[in-house]
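Breakdown of the fold
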Amino acid sequence: MLVRIDPASGVPLADQIAAHVRGAVAAGTLTPGDRLPAARDLAESLQVNMHTILRAYARLRDEGLIELRRGRGATVRRGDAADRARLVDAVQNLLDAGRRLGLGVEELVDEVRRLA
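Residues numbered from 1 in each chain as written. Predicted model: local features only at pLDDT ≥ 70, side-chain atom pairs only at ≥ 80, totals over all residues. Heavy atoms only, no water.

1. Some words on the UniProt feature "domain: HTH gntR-type" (unreviewed entry) in the protein chain
Operational definition: UniProt positions are given in the numbering used here, feature names are shortened, and annotations may be inferred rather than shown by experiment. In this description a helix means any DSSP run of H or I spanning at least four residues, a strand means any run of E spanning at least two, and both kinds are numbered starting from the N terminus.
Mapped onto this numbering, the UniProt entry gives "domain: HTH gntR-type" (unreviewed entry) at residues 11-79. In this annotation, residues 11-79 is assigned 52% helix and 12% strand; the end-to-end C-alpha distance for the span is 29 Å.

This is the structure in structure tokens:
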């Protein structure tokens, strides 16, 4: 799995890594049951701190996209991981658009409710 990061970007490295994995799941490049690289190996290849990788993996776990098991590593969850990844991307895009417009989360939620 090729992950590219931009250290000069204003986006935190863990967020960049999580976004890359999320995109690969959404695109079907990573499929349910696929194993992600070990945190130590990925950190070494990207020349970042291992805790940065662990933060990215924890975010993906919290989003319901991957499972983390001690001794077994990180794997893409079975089921609706690709749909979930696309949903998380859409929500992130909504939040970004709202920030650009100066809207808070509550205002965005109100707008979603209005349209639902």
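Moving on, there is more to tell.
2. Some details on unusual backbone geometry
Phi is positive for Q47, close to 60 degrees, though the residue is something other than glycine. Here Q47 lies in the loop between α2 (39-46) and α3 (50-62).

3. Describing the environment of A24
Short version of the rule: Only protein chains enter the accessibility calculation, which uses a 1.4 Å probe; a residue is then buried when its area is under 20% of its type maximum, exposed when over 50%, and partly exposed in between. What makes two residues a contact is simply this: any of their non-hydrogen atoms within 4.5 Å.
Inspection of the secondary structure puts A24 in helix α1 (residues 13-27). On the basis of relative accessible area, A24 is assigned to the buried category, the value being 10%. C-alpha separation for the pair A24 and R40, spaced 16 residues apart in sequence, amounts to 20 Å. Beyond its immediate stretch of four places on either side in the chain, A24 contacts T29 and L30.

4. Brief notes about the pattern of salt bridges
Rules: Counted as salt bridges are all cases of a side-chain nitrogen of Lys or Arg within 4 Å of a carboxyl oxygen of Asp or Glu.
Applying the stated criterion across every chain, the model contains eight salt bridges. The partner of D62 in a salt bridge is R61, with the nearest N and O atoms 3.1 Å apart. Given a relative accessible area of 40%, R61 falls into the partly exposed group. E111 is paired through a salt bridge with R114; the nearest N and O atoms lie 2.5 Å apart. With E111 and R114 both in helix α5 (residues 105-115) and three residues apart, this pair spans about one turn of that helix.

5. Here we look at α2
The periodicity of an α-helix, 3.6 residues per turn, causes residues three or four places apart in sequence to face the same way. Formally: By construction, the arc corresponds to the directions joining the helix axis to the C-beta atoms.
The complete set of buried residues in α2 reads A39, L42, A43 and L46. End-on view of α2: buried residues confined to an arc of 100 degrees, all on one side of the axis. What points out from α2, more than 90 degrees from its buried face, is the exposed set R40, E44 and S45. Following α2 by one or two positions, Q47 adopts a phi angle in the positive range, close to 60 degrees.

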